[in-house]
Structures are given as C-alpha cells and as structure tokens.
Amino acid sequence: ADGAATALGSARGLVLINSAGRMVSGAAYKEELAAMGGTLRHVMEADGLPPSNAPPQWLLDGAGNLAIALLRSNVEGFCRQVYPTRPDMVDARLVANIIRDSKDPGGYSVLASGAKLPPPRTKNELLAEFRRPLLVAQGLNDPLGGGIAKSRFPLYEEAHPEPGMVRLVGLDAGHCPHHETPDEVA
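Quick summary incoming for the structure in this document. (Residues numbered from 1 in each chain as written. Predicted model: local features only at pLDDT ≥ 70, side-chain atom pairs only at ≥ 80, totals over all residues. Heavy atoms only, no water.)

**Some words on the overall build of the protein chain**
Point 1. For the protein chain, the count of helices and strands is 12 helices and three strands.
Point 2. Within the span of the protein chain, comprising 186 residues, buried residues form 30% of the whole.
Point 3. A sequence separation of at least 24 residues applies to 74% of the contacts in the protein chain between residues at least 6 apart.
Point 4. Carbon together with sulfur atoms contributes 59% to the accessible area of the protein chain, which is approximately 11000 Å² in total.
Point 5. Averaging the positions of the 18 positive and the 21 negative side-chain charges in the protein chain gives two centres separated by 3 Å. (Helix = DSSP H or I, 4+ residues; strand = E, 2+ residues; numbered from the N terminus. Buried < 20%, exposed > 50% of the residue type's maximum accessible area, 1.4 Å probe, protein only. Contact = heavy atoms within 4.5 Å. Areas by Shrake-Rupley, 256 points an atom, 1.4 Å probe, with all protein chains shown as cover. Lys, Arg positive; Asp, Glu negative; His and termini not counted. Charge placed at Lys NZ, Arg CZ, Asp CG, Glu CD.)

The following block contains the structure:
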C-alpha cells in the first residue's frame, strides 16, 4: 500500500492480499491526527525522522538468530496453525522451502531491522491518498495479529476516500489464502 500511495501517478489500482499493517477506525484515526498535529508523513517531513532508540546491533542480531532458530524447530506446526481451513496444504515441500529460506545469511537481520525503522504509516493514512480502485482479499480466519482480520476487514471502505472503488473479498482461509485457497484468490 505504501508503494502505491507514493507512486500515485503510475498505479491504476491496488490488490491487497492479507496485507499487514495497522489500521484503525475512522474516529480513532481522526483522534491520532489531532494528537500528532497531522499525518505521520507530514510530521516526519516537517521534523525529520525521530531519533532511533534501537538496542545495540549485537543484541538485535542475537535476538533475530534466536527467533529464527526457535521458529525453525517447528515450522510445520506453525504453518498448520496459520492454515486453519486447509492444513493439508502444509506439505513437506512448503516446510523444506521455509527452512531453506530461513537459513539465508541475512535472514536474522530482517527481523532485527524492525527495531530501527521509523514508525510505519497506518493504512488509513496510505489509503487516504489513494483514489484508485482497491481489491482486498482477506483470509478471515487468519490467527496472526490477534485474530482481528474479521473486525478490521470493513475498515478498508471507511479508510478509502472513494468507498465505491473498494471491493472486499472475504475468504474462508487463514494467513496465506493464496496458497490455502488458490482457486478463490485467482
């Protein structure tokens, strides 16, 4: 969504599939804008990036390596949890691919980088700038993010400046609907 919002001239529309990121109700977003004195983009353009208070790099690297090691030990179990509708889609090939990719030499630093990045813009802010068609395909049984997929799903129409340009497709799937229910996503 961030890329589409910043490349407004070239994007004809946007498709989001189980997109990540924070989104709040319209009322909560208005309260945040008032408290911050504008959008996060406006505040950062005026004041610059906030100072980084990240832990030391060695600690971030260690925490990232530990997290990946712990996750790697039970990839199949974690995948079955996020594929609640079709756990049979979790096969040996998927597990092997995830384990292989988790061994990338820089993989741990991806987790660690989250502690150094500036605060992310909410989807509310990003969608407010996007006056083009939006298709949202969401696995409504996604257990990640506290299981808020169903309650957050209608907020896309509220956040988009042209609600009539929003098409919401709720899927009987979890975190990876493109893999769990590929025919419905297609």
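**With respect to the pairing of strand S1 (residues 14-17)**
Point 1. Of the two faces of S1, only one is covered, namely that formed by Leu14 and Leu16; the face formed by Val15 and Ile17 stays uncovered.
Point 2. Sheet topology places S1 next to strand S2 (residues 134-139); four bridges connect them, and they run parallel. Pairing of Leu14 across the sheet is with Leu134, part of S2. (Pairing = 2+ DSSP bridges.)

**Structural notes on the sheet that holds S2**
Point 1. Sheet architecture is open: three strands sit in the order S1-S2-S3, paired in parallel fashion. A single partner strand is all that each edge strand has here, and the edge strands are S1 and strand S3 (166-171). Here the strands of the sheet are splayed against their neighbours by 10° on average, with no regard to which way each runs.
Point 2. In this sheet, S3 lies alongside S2 in parallel orientation, the contact comprising six bridges. (Axes fitted to C-alpha atoms, helices over the stretch in contact; angles between N-to-C directions.)

**A word on the side chain of Lys123**
Point 1. Relative to the elements of secondary structure, Lys123 occurs in helix H8 (residues 123-128).
Point 2. Buried and unpaired, Lys123 has Asp142 as its nearest opposite-charge partner, separated by 9.4 Å. (Salt bridge = Lys/Arg side-chain N within 4 Å of Asp/Glu carboxyl O.)

**Some words on the pattern of salt bridges**
Point 1. Within the structure shown, the criterion is met by nine salt bridges.
Point 2. For the salt bridge of Glu32 with Arg22, the shortest nitrogen-to-oxygen distance reads 2.2 Å. One end of the pair, Glu32, is in helix H2 (residues 26-36); the other, Arg22, is in the loop between S1 and H2, with 10 residues separating them in the sequence.
Point 3. For Arg22, a relative accessible area of 44% translates into the label partly exposed.
Point 4. Notably, a salt bridge pairs Glu45 with Arg41, separated by 3.2 Å at the nearest N-O pair.

**Examining helix H4 (residues 57-72)**
Point 1. Between its first and last C-alpha, H4 extends 22 Å over 16 residues, near the 22 Å set by a 1.5 Å rise per residue.
Point 2. Elements that come into contact with the buried residues of H4 comprise helix H6 (92-102) and helix H7 (107-113). (Expected span 1.5 Å × (residues − 1).)

**What about the state of the cysteines?**
Point 1. Considering all chains together, one arrives at zero disulfides under this definition.
Point 2. Between Cys79, a cysteine without a disulfide, and Cys176, which holds the nearest cysteine sulfur, the sulfur-to-sulfur distance is 7.2 Å.
Point 3. Cys79 sits in the buried class, given a relative accessible area of 10%. (Disulfide = S-S within 2.5 Å.)

**A few points about the packing of helix H5 (residues 75-82) against H6**
For any two helices packed against each other, one specifies the inter-axial angle together with the distance between the axes.
Point 1. Their axes nearest at 10 Å, the elements H5 and H6 cross at an angle of 115°. Read as a crossing pair, H5 and H6 show a hand that is right-handed. Between H5 and H6, the contacting residues are Val75, Glu76 and Cys79 on the first element and Leu94, Val95, Ile98 and Ile99 on the second.
Point 2. Looking at the contact of H5 with H6, its residues break down into six nonpolar, no polar and one charged. (Left-handed = near helix turned anticlockwise from the far one by under 90°. Nonpolar A, V, L, I, M, F, W, Y, C, P; charged D, E, K, R; others polar.)

**Considering the side chain of His160**
Point 1. Mapped onto the elements of the fold, His160 is located in the loop between helix H10 (155-159) and S3.
Point 2. Overall, His160 belongs to the buried group, its relative accessible area being 2%.
Point 3. From its side chain, His160 meets the backbone nitrogen of Glu162 in a polar contact 2.9 Å long. (Polar contact = N/O pair within 3.5 Å; in protein donor to acceptor, adjacent residues only side chain to side chain.)

**As for H6**
Point 1. Those residues of H6 that sit buried are Leu94, Val95 and Ser102. Along the axis of H6, the buried residues cluster in a sector spanning 100°; they form a single face. Structural note: H6 exposes Ala92, Arg93 and Arg100 on the side pointing more than 90 degrees away from its buried face.
Point 2. Of the surrounding elements, those touching the buried residues of H6 are H4, H5 and helix H11 (177-180). (Arc of directions from axis to C-beta.)

By themselves, these figures tell us nothing about what the structure is for.
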